[in-house]
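An overview of the molecular structure
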Amino acid sequence: MARWLLHVDLDQFQAAVEFRRHPELRGQPVIVGGNGDPSEPRKVVTCASYPARAFGVHAGMALRSAQRKCPEGVFLPLDMATYEEASEEVMSVLRGFPGRVEVWGWDEAFLATDTDDPEALAAEIRAAIAELELTCAIGIGDNKLTAKLATGFAKAVSKSDAPADGTGMFRLTAANWSEVMAHRPTSALWGVGKRIAARMSELGIETVGDLMAADRHRLAAEFGPNTGPYLWVLGKGKGDTDVATEPRVPVGRSKSETFPHDLTERAEIEAQVARLATEVAEEMAAAGRVPFRVAVTVRSNTFYTRSKQTKLPEPTGDVAVIVDTAVRILDRFELTRPVRLLGVRLELLPE
């Protein structure tokens with residue numbers, strides 16, 4: 001049996017979870033974000049159902065903009081606890097299949113498995129997730145890169161150039177890499193952003209096929225001894241095959257807030273920093289994690305953003321010490337402009 005990487009990506013996850021408790025909303029343009037109030041300033045969309053996306057609504061868009069694009073949209077508040085619970089249901093189902101599961105977030109995971117028929121396994125996974133009243137697309141690859149890209153094709157049944165067949169799964173490997181990818185822009189590769197793609201374009205590398213034929217020494221000279229060869233390898237469809245089953249242990253925890261109205265009074269700014277520091281410190285104390293460094297971020301109404309940090313005299317979970325440190329860090333900022341956002345981050349000792 002061959003080793004396969006399956007990338008499982010849940011469809012419109014937050015909206016889909018809402019459909020489970022509000023079946024009457026299925027098929028409607030549902031928009032999740034903030035407190036569910038589209039008039040609330042400075043709150044953004046975290047998920048849009050497919051009907052809402054047809055109006056141009058997407059994650060990261062301001063709720064007010066989403067309402068302008070989709071006046072008939074159904075706006076719902078973000079419910080973190082419910083989404084986390086639903087995600088764990090899905091991951092528990094995945095762990096019941098043969099192989100090793102690496103969780104990448106609420107709505108996606110990799111499964112490394114040995115099988116002679118990856119499509120049959122993918123169909124079984126999709127059926128099991130459907131029993132949870134959720135749906136997913138599955139990319140099948142010989143490494144994480146090809147599996148991740150394959151998921152995009154599995155979802156793209158409406159695009160004229162997408163090779164998907166409507167089954168919700170797609171296989172991309174070395175065998176069909178050139179056929180599927182060579183004509184596509186380099187930005188289609190997972191990990192290649194617009195800036196890197198633009199720099200490659202200046203070298204005459206426009207497509208994945210161009211990158212496949214590129215001189216890796218020239219790439220190394222342009223992008224550095226690590227990034228250059230990495231791009232060359234990406235162009236050939238090669239990638240990581242390791243799957244880590246252990247959960248990623250966070251090295252830090254942060255909490256930030258964009259305020260409905262700019263803060264102008266020093267006392268108000270200090271009070272908000274103290275509140276954020278208290279919340280994140282209490283969360284870490286409950287989790288048994290010990291901070292050793294405190295950082296504060298301030299963003300003005302001009303979007304000028306600065307962060308400053310201080311190492312604690314000794315690692316401690318004492319909430320009062322952490323809050324006092326965060327407030328004292330504010331003394332290092334020139335608070336001459338109204339404040340739009342504040343954040344507090346704790347760096348943590350390893351477990």
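Remember, predicted model here, so these are calculated numbers, not experimental data.

Right, let's get into the layout of surface pockets. By volume, the largest pocket is sized at about 500 Å³. Along the wall of the largest pocket there are 15 residues; nearest its centre are K43, K255, S256, E257 and T258. Taken together, the elements giving at least two residues each to the lining of the largest pocket come down to α4 (80-95), β9 (252-263) and α12 (266-287). Considering every element that reaches the lining of the largest pocket, the biggest residue donor is β9, with five residues. Residues of the lining of the largest pocket, tallied by class, amount to four nonpolar, four polar and seven charged.

Attention shifts here to the state of the cysteines. Summed over the entire model, instances satisfying the criterion amount to zero disulfides. C70 provides the cysteine sulfur closest to C47, a residue in no disulfide bond, and the two sulfurs are 13 Å apart. Residue C47 is classed as buried on the basis of its relative accessible area of 6%. On the basis of relative accessible area, C70 is assigned to the buried category, the value being 0%.

Now for the nonpolar core. Grouped together as the largest cluster of nonpolar side chains are 35 residues, with contacts concentrated most on L6, V30, L94, I125, I129, L134 and I138. For this core, the secondary-structure elements that each account for two or more residues are β1 (2-10), α1 (13-21), β2 (30-32), β4 (74-76), α4, β6 (108-115), α5 (118-130) and β7 (136-141). Filtering out sequence-adjacent residues up to four positions away, L6 remains in contact with A109, F110, L111, T113, P118, L121, A122, I125, I138, G139 and I140. Of all hydrophobic cores here, the second largest spans 26 residues; its members include W177, V192, M200 and L231.

To continue, consider the confidence of the model for the protein. Of all residues in the protein, 95% have pLDDT values of 70 or greater, and the mean over the chain is 91. Here residues 157-161 scores under 50 on pLDDT; set against residues more than four positions off or in separate chains, the count is three contacts.

Looking now at the sheet that holds β2. Read across the sheet, three strands follow the order β3-β2-β4 without closing on themselves; strand pairing throughout is mixed. Looking at the sheet topology across the chains shown, the edges are occupied by β3 (47-48) and β4. Pairing between β2 and β4: three bridges, direction parallel. Looking at the pairing, I31 lines up with F75 of β4.

Cut-off values and rules
- Per-chain numbering applies: the sequence of each chain, read as written, is numbered from 1 onward.
- Given that the model is predicted, a residue must reach a pLDDT of at least 70 before its local features are reported, and side-chain atom pairs must reach 80 or more before they are shown or counted; all residues, however, enter totals for whole chains, interfaces and linings.
- The side-chain figures draw on all heavy atoms in the structure; neither hydrogens nor water molecules are used.
- Think of a 1 Å grid over just the protein atoms. A cavity is a set of points where a 1.4 Å probe fits yet cannot get out, a pocket is an open set with protein on both sides within 12 Å along at least five of seven lines, and lining residues have an atom within 4 Å of a point.
- Grid points are joined across faces, edges and corners, and a volume is the space filled by probe spheres set on the points.
- Strands here are runs of E lasting at least two residues and helices are runs of H or I lasting at least four, both read from the DSSP assignment and numbered beginning at the N terminus.
- Nonpolar residues are Ala, Val, Leu, Ile, Met, Phe, Trp, Tyr, Cys and Pro. Charged residues are Asp, Glu, Lys and Arg, and all others, Gly as well, are polar.
- Any cysteine sulfur atom paired with another within 2.5 Å is treated as part of a disulfide.
- For the exposure calls, accessible area comes from a 1.4 Å probe over protein chains only, and a residue counts as buried if that area is under 20% of its type's maximum, exposed if over 50%, partly exposed in between.
- The set of buried Ala, Val, Leu, Ile, Met, Phe, Trp, Tyr and Cys residues whose side-chain atoms join them within 4.5 Å is what this entry labels a nonpolar core.
- Contacts between residues were defined by any pair of non-hydrogen atoms, one from each residue, lying within 4.5 Å.
- Per-residue confidence from the predictor is given as pLDDT, running between 0 and 100.
- Should DSSP find at least two bridges between two strands, the strands are regarded as paired.

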